[in-house]
Amino acid sequence: MDNRAIGVFDSGLGGLTAAEELSGLLPDERIIYLSDSYNFPYGEKTREQIIEMSRRDLRFLLEHEVKAVFVACGTATSNALEVLKEESPVPVFGVVESAVCEAVGLTENKKIGLLATTASVKAGTYKRLIREKSMEIEVTAKACPKFATMVEDGVFDKEDERVIRAVAEYLPPLKQAGVDTVILGCTHYPLLEEVISEYMGEGIRFISAGAAAARELCRYLRENNLTSENRSSKAEYYTTGSFENFAATALLMLRRDISPYLKGIEPFDKDGNL
Ligand code: DGL
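Since the model is a prediction, treat every value here as computed from it, not as a measurement.

Novice: Even after reading the chapter, I still don't get the packing of aromatic side chains, so can you show me in this structure?
Specialist: Two numbers describe a pair of aromatic rings. These are the distance of the centres and the angle of the planes. The full count for this structure, using the stated rule, is eight aromatic pairs. Measuring from centroid to centroid gives 5.5 Å for Phe60 and Phe268, while their planes differ by 40°, and the two rings are tilted. In this pair, Phe60 is assigned in helix α2 (residues 47–63) and Phe268 in the segment after β10 (262–264), connecting sequence segments 208 residues apart. Aromatic side chains Tyr237 and Phe246 sit 6.5 Å apart centroid to centroid with 45° between the ring planes, which places their arrangement in the tilted category. The buried category is assigned to Tyr237, whose relative accessible area is 6%. A network of ring pairs unites the aromatic residues Tyr33, Tyr237 and Phe246 as a single cluster. Sitting above the plane of the Tyr199 ring, Lys175 keeps its charged end 4.8 Å from the centroid.

And the structure:
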């Protein structure tokens, strides 16, 4: 048993999809969620910038004495996971490997589609890990820079014209390739799953990177006897961006008001200080 909190971070609200999955599996865990919204979107930054920002996120969570850090961001995982693992005294979990394992296990026609941010597709981590598991699998990767920004702004209704247009812009290569499994490689994308799924048609399987990783983290905590028994635990949320935007979009996403547990904090300076 370990009653310390689990630290979760993302560049924005997308990581809440992963944090919610984790809370559903382990309701007694206390979660400290950091959204580096000031620096959103990570997906349009360079690898060096993503490493630097992720380091500061890690430091913030470590100051809160967490027992593990969950990088609920495909972009930070693809670009910075190894650095974070080296620098962290507690275990660090990313969202790429578990999604890859699930996708490789699920595909029947050996054609996997990947939807992710520009920086994740550029890093090539998803593709490399799929290839390491099977050289026979064909991967069609598509960067979708508008998706995360739309979700962050609360635009993810399946009837919304902007959503429909963006899906029609990004999805054709995956449809043409005939993929039977799609990795939603950015933690913002599960909010768009319904409209993506309608576009792709029947019979396609979707894997949310954040949810797959939450399942893996849950297994790890159970197997290592590190789960919490904090019956009355509440999550804490921190954002380096706008309090109002985070609270409003979180309300749309989660259908509950998290503002009593949300704190707006100053963006981190170069040394990671508040
Ligand atoms: N949620 C982040 C991810 O999983 C991406 C959003 C961003 O571009 O910052 O990749």
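Additional details are given in the paragraphs that follow.
Novice: How do you make sense of helix α4 (residues 96–106) when you look at a structure like this?
Specialist: Since there are 3.6 residues in each turn of an α-helix, residues three or four apart along the chain are aligned in direction. Looking at α4, one finds that the buried residues are Val96, Ser98, Ala99, Val100, Ala103 and Val104. Elements that come into contact with the buried residues of α4 comprise α3 (74–87), β5 (111–116), α6 (125–133), β7 (181–184), β8 (205–208) and α11 (209–223).

Novice: Any chance you could explain the sheet that holds strand β9 (residues 236–239) here in plain terms?
Specialist: Through backbone hydrogen bonds, the strands of a sheet pair up, either in parallel or in antiparallel fashion. The six strands lie next to each other as β4-β3-β1-β2-β9-β10, forming an open sheet whose pairing is parallel. Each having just a single partner strand, β4 (92–93) and β10 make up the two edges of the open sheet. With four bridges joining them, strand β2 (residues 31–35) and β9 adopt parallel strand pairing. Its bridge partner being in β9, Leu34 is matched across the sheet by Tyr238. The strands touched by α11 within the sheet are β1 (6–10), β3 (68–71) and β4, with β3 carrying the most contacts at an inclination of about 165°.

Reading guide: rules and limits
Residues numbered from 1 in each chain as written. Predicted model: local features only at pLDDT ≥ 70, side-chain atom pairs only at ≥ 80, totals over all residues. Heavy atoms only, no water. Phe/Tyr/Trp six-rings, centres within 6.5 Å; stacked < 30°, edge-to-face > 60°. Helix = DSSP H or I, 4+ residues; strand = E, 2+ residues; numbered from the N terminus. Buried < 20%, exposed > 50% of the residue type's maximum accessible area, 1.4 Å probe, protein only. Lys NZ or Arg CZ within 6 Å of the ring centre and 35° of its normal. Contact = heavy atoms within 4.5 Å. Pairing = 2+ DSSP bridges. Axes fitted to C-alpha atoms, helices over the stretch in contact; angles between N-to-C directions.

Keep in mind these values describe shape, not function.
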